[in-house]
Amino acid sequence: METSDIRDELTEILVTEQEIQEKLRELAARIDADYAGKDVLLVGVLKGAVMVMADLARSLHGHVEMDWMAVSSYGAGTKSSGVVQIRKDLDSDLTGRHVLIVEDIIDSGLTLSWLLENFASRGAASIEVCALLRKPEAAKVEIDCKYVGFDIPNAFVVGYGLDFAERYRNLRDVAVLAPHVYS
Ligand SMILES: O=P(O)(O)OC[C@H]1O[C@H](OP(=O)(O)OP(=O)(O)O)[C@H](O)[C@@H]1O
Ligand code: HPA
Ligand SMILES: [Mg+2]
């Protein structure tokens, strides 16, 4: 039987598992210091942020709660549709909470711009963003992101939560998807 090798579907590993873990520990130390004495509500943006949330949260030492919002705008493509759909809203009331939104990637910025506007009227005491990856060259709107892991080139990436048509989320590294897979 012929077996296909996922590595043939990737052109380059951009960020390794080890680099991700080191960076998340660094960001967690900053977050611990910035929120000392405060309870933080981590809001993970499903589905992409699952891995970042799991590893970041376990590197934090203060009290945190976790909630999840499911939004989607990419569907099965490699370009944002520009329309952000809520698939699951938060369970928590944000009133008076210190909210830290946890994201895998800021690409066009449209998802976070929409989410920040959506959260603005919910009465949080503070709202900040932590994103593992950011593509500065792809920005359509500027996002004020306090905790950024890595700035990466404008290529479609997969792994560590990031998908193409729901696949590749389970890869441990972040890699560039070979164009022959989607074109
Ligand atoms: O800055 P943007 O251009 O808006 O892109 C970033 C968003 O796109 C991806 O989510 P997606 O819509 O693919 O849903 P998913 O997390 O379920 O994969 C990613 O997880 C971010 O939430
Ligand atoms: O580069 C990306 N890869 C996977 N999902 C994404 N969502 C926004 N940008 C990306
Ligand atoms: Mg996606």
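Please read all numbers here as calculations on a predicted model, not as lab measurements.

**Things to note about the site of ligand 2**
- The full set of residues close to ligand 2 is Tyr74, Ile105, Asp107, Phe156, Val157, Val158, Leu162 and Asp163.
- Class assignment for the residues of the shell around ligand 2 results in six nonpolar, no polar and two charged.

**Quick look at the packing of helix H1 (residues 17–34) against helix H2 (residues 50–59)**
- At a minimum axis separation of 8 Å, H1 and H2 run at an interaxial angle of 50 degrees. The orientation of H1 relative to H2 falls into the category oblique. Remark: the crossing between H1 and H2 carries right-handed chirality. Across the interface between the two elements, Gln21, Leu24, Arg25, Leu27 and Ala28 of H1 pack against Asp55, Leu56 and Ser59 of H2.
- When its residues are assigned to classes, the contact of H1 with H2 shows four nonpolar, two polar and two charged.

**Re unusual backbone geometry**
- Residues Leu46 and Lys47 are joined by a peptide bond in cis, for which omega reads 0 degrees.
- In this fold, Lys47 is placed in the loop between strand S2 (40–46) and H2.
- For Ala165, which is not glycine, the phi torsion reads 50 degrees and is therefore positive.
- Looking at the element boundaries, Ala165 is found in the loop between strand S8 (157–158) and strand S9 (174–177).
- Its 13 C-beta neighbours within 10 Å are what place Ala165 among the partly exposed residues.
- With a phi angle near 80 degrees, Tyr168 is a residue other than glycine that sits in the positive phi range.
- Take Tyr168: it is sitting in the loop between S8 and S9.
- Among the residues examined, Tyr168 registers 21 C-beta atoms within 10 Å and is labelled buried.

**A word on the nonpolar core**
- With 43 residues, the main nonpolar core has Leu56, Leu100, Ile101, Val102 and Cys130 as its most contacted residues.
- Elements that contribute at least two residues to this core include exactly H1, S2, H2, strand S5 (98–106), helix H3 (110–120), strand S6 (126–134), S8 and S9.
- For Leu100, the contacting residues outside a window of four places in its chain are Ile31, Val40, Leu42, Glu128 and Cys130.

**Digging into the pairing of S6**
- Buried residues dominate S6, accounting for seven of its nine residues.
- Relative to S6, S5 runs parallel, the two being bridged by eight bridges. Bridge pairing in S6 places His98 opposite Ser126.
- Following the chain from S5 across H3 to the adjacent parallel S6, one finds a crossover that is right-handed.
- Bridge analysis of S6 against strand S7 (residues 147–151) gives four bridges, and the strand direction is parallel. Along S7, the bridge assignment pairs Arg134 with Asp151.

**Quick notes on the site of ligand 1**
- Around ligand 1, the structure places 18 residues, and the nearest of them are Gly48, Tyr74, Asp107, Ser108 and Thr111.
- For the shell around ligand 1, the elements supplying multiple residues, two or more each, are S2, S5 and H3.
- A total of four residues in the shell around ligand 1 trace back to one element, the largest contributor, which is S5.
- Of the residues contributing to the shell around ligand 1, the split by class is six nonpolar, seven polar and five charged.

**Details of the sheet that holds strand S1 (residues 10–15)**
- What the three strands build is an open sheet, ordered S1-S9-S8; its pairing is antiparallel. Taken across any chain shown, the strands that pair with only one partner, and hence form the sheet edges, are S1 and S8.
- When S8 meets S9, the two strands line up antiparallel, connected through two bridges. Paired with Val158 across the bridge in S9 is Ala175.

Cut-off values and rules
- Residues numbered from 1 in each chain as written.
- Chains lettered and ligands numbered in written order.
- Predicted model: local features only at pLDDT ≥ 70, side-chain atom pairs only at ≥ 80, totals over all residues.
- Near = placed C-beta within 6 Å.
- Nonpolar A, V, L, I, M, F, W, Y, C, P; charged D, E, K, R; others polar.
- Axes fitted to C-alpha atoms, helices over the stretch in contact; angles between N-to-C directions.
- Helix = DSSP H or I, 4+ residues; strand = E, 2+ residues; numbered from the N terminus.
- Parallel < 35°, antiparallel > 145°, perpendicular 65-115°, else oblique.
- Left-handed = near helix turned anticlockwise from the far one by under 90°.
- Contact = placed C-beta atoms within 7 Å.
- Buried ≥ 20, exposed ≤ 12 C-beta atoms within 10 Å, placed from the backbone.
- Core = buried A, V, L, I, M, F, W, Y, C linked by C-beta atoms within 7 Å.
- Pairing = 2+ DSSP bridges.
- Right-handed = clockwise from strand over helix to strand, strands pointing away.

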